[in-house]
Every structure is written in structure tokens, then in C-alpha cells.
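# Architecture and fold: a report
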Amino acid sequence: MSQPKRIICVSHLTGAEGEAVARGAAERLGFRYLDEEIIEAAAESVDLDPSVVGEVERRKSLMTRITESMMRQSMPSRPDASAQRSGVTASREMPTDQDLRTLISDAIRDAAQEGDIVIASHAASMVLADRKDAFRVLVTASQKTRVGRVAGARNLDARQAEKLLAEEDAGRADYLKRFHSIELELPIHYDLILNTDDLAPERGVDLIVLAAKES
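What you see is a predicted model, and the numbers here were worked out from it, not measured in a lab.

### Side note on helix H10 (residues 201-214)
With 14 residues, H10 should reach 20 Å at 1.5 Å per residue; the first-to-last C-alpha distance of 20 Å fits that figure. For H10, the set of buried residues is Pro-201, Gly-204, Val-205, Ile-208, Val-209 and Ala-212. On an axial view of H10, the arc spanned by its buried residues comes to 135 degrees, and they lie on one face. Exposed residues on H10 whose side chains face more than 90 degrees from its buried face are Lys-213 and Glu-214. Next to the buried residues of H10 lie strand S1 (7-12), helix H1 (18-29), strand S4 (134-140) and strand S5 (192-195).

The following block contains the structure:
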């Protein structure tokens, strides 16, 4: 017998209204909602000011934005005894791509351990693919719909909106490739795919809640 899903992972494309779906699902299920807190937890673990990460746009490549933020900050390590005696402050090396991937994945897994949680974005569906109590959702929409929504929400013309979507989609694809070796995102990576061209966010929430409870 299948067990109820206590972890909902909601991946979404810019302009697909995935955040509204994820927040609605968390509210309806009575689950905790996490998004940027995942980034902040990973950032704090390497002494990066979380506020720097929180200010950048969500869909920029995660590895890129953390690395760029770290490059703008000094990152002294805790001085050891010899350094204290000599008056020299030791410097810590920048984390590698693998280090960053591990930090972010660990932050996601730590959050998932608590259960009763909705995690939006950050490829949580990939990180938690082996968990039987995780339900993985992709919220998408057509290019035309997404362009219209982004243009309206951000006061852009169609050309500007298309450019922004192209950049953010590329960043998302780059993240999946670099962090999870996924060359092409496929339907089999998810348990449920929601197309919000005509499906209202609240109807998407209905489907997630129903599937999560009856899986």
C-alpha cells in the first residue's frame, strides 16, 4: 500500500505560476513552505551573507549566483592557534562546484527530514528522487502564456519578456546539467505535471492535494 506523501517538491518555470501553486498546496495540506530558505541555509554554511543571495533573481543559475556573491565578499576562516600567535588571519579557499552541490543538496535533505513540507524549486525533485514519501511536481506553461504573464507582472514589452525567459530558462537548464547531470528534463522526472495555460493555480492545488493524500 502506498504511503501518504509528506514531502512535496514543486519545480516550475518562470511565468508558470508555480509559486502560487506551491504556496497553495502548503496551505491546504498544512505543510511548511520553503523556497529561498534552502539557499540561505546553504549560504550560511559557508559563511555567505544570506541577504546577498536573497536579493538576486531566483532563476539565475544557482551555482553561478552563489559563486558570484561569494566573490564579492571576504571569507576568512576561523584562525587556528598558529595564525593567532603570528597575527596572520588564514584565508579559506572558495568551495568547488562539487562543494556547492553538496551544500545545497544537504540543505534540501535536512529540510525534508522534518516532513510535512513543500519545497519550491532548487531541483528538490532530483535530490529527493529516492524518497518514497516525496511527491514531485512540475508546473509549466506555453511560451506564449509565460511571456504574457512575465510582461504584465514585470512591466516589460514582449521582446523584453522573451529575453528574460530565455535567460532564466537557460540558467535553469544549466543548473540541472551541472548539479544533477541532467542533459534534458523529462516527464519521468516528475510524478505530476501541471500545465497552467488554462489550469488555474487553485485547481493545480486540488490535484496535488488529492494525489499526495491518495498516493
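### Quick word on a nonpolar patch on the surface
A surface patch of nonpolar side chains, amounting to about 320 Å² of accessible area, comprises Leu-184, Leu-186 and Ile-188. Inspection of the secondary structure puts Ile-188 in the loop between helix H9 (158-180) and S5.

### Thoughts on the nonpolar core
Counting 47 residues, the largest nonpolar core has Ile-8, Leu-128 and Val-137 as the members making the most contacts within it. At 6 residues, the largest contribution of residues to this core is made by helix H6 (residues 97-113). Those residues in contact with Leu-128 that sit more than four places away from it in its chain are Ile-7, Cys-9, Ile-108, Arg-109, Ala-112, Ile-119 and Ala-134. In this structure, Val-147, Ala-151, Leu-164 and Leu-165 belong to the second largest nonpolar core, which totals 6 residues.

### Some details on the environment of Arg-101
Mapped onto the elements, Arg-101 comes out in helix H6. For the pair Arg-101 and Tyr-175, spaced 74 residues apart in the sequence, the C-alpha separation amounts to 9.9 Å. In this structure Arg-101 touches Arg-178 and Phe-179, once residues within four positions along its chain are discounted.

The rules behind each value
Residues numbered from 1 in each chain as written. Predicted model: local features only at pLDDT ≥ 70, side-chain atom pairs only at ≥ 80, totals over all residues. Heavy atoms only, no water. Helix = DSSP H or I, 4+ residues; strand = E, 2+ residues; numbered from the N terminus. Expected span 1.5 Å × (residues − 1). Buried < 20%, exposed > 50% of the residue type's maximum accessible area, 1.4 Å probe, protein only. Arc of directions from axis to C-beta. Contact = heavy atoms within 4.5 Å. Patch = residues over 30% accessible without salt bridge, like charges linked within 9 Å, V, L, I, M, F, W, Y side chains within 5 Å. Areas by Shrake-Rupley, 256 points an atom, 1.4 Å probe, with all protein chains shown as cover. Salt bridge = Lys/Arg side-chain N within 4 Å of Asp/Glu carboxyl O. Core = buried A, V, L, I, M, F, W, Y, C linked by side-chain atoms within 4.5 Å.

The analysis is restricted to geometry; functional conclusions fall outside its scope.
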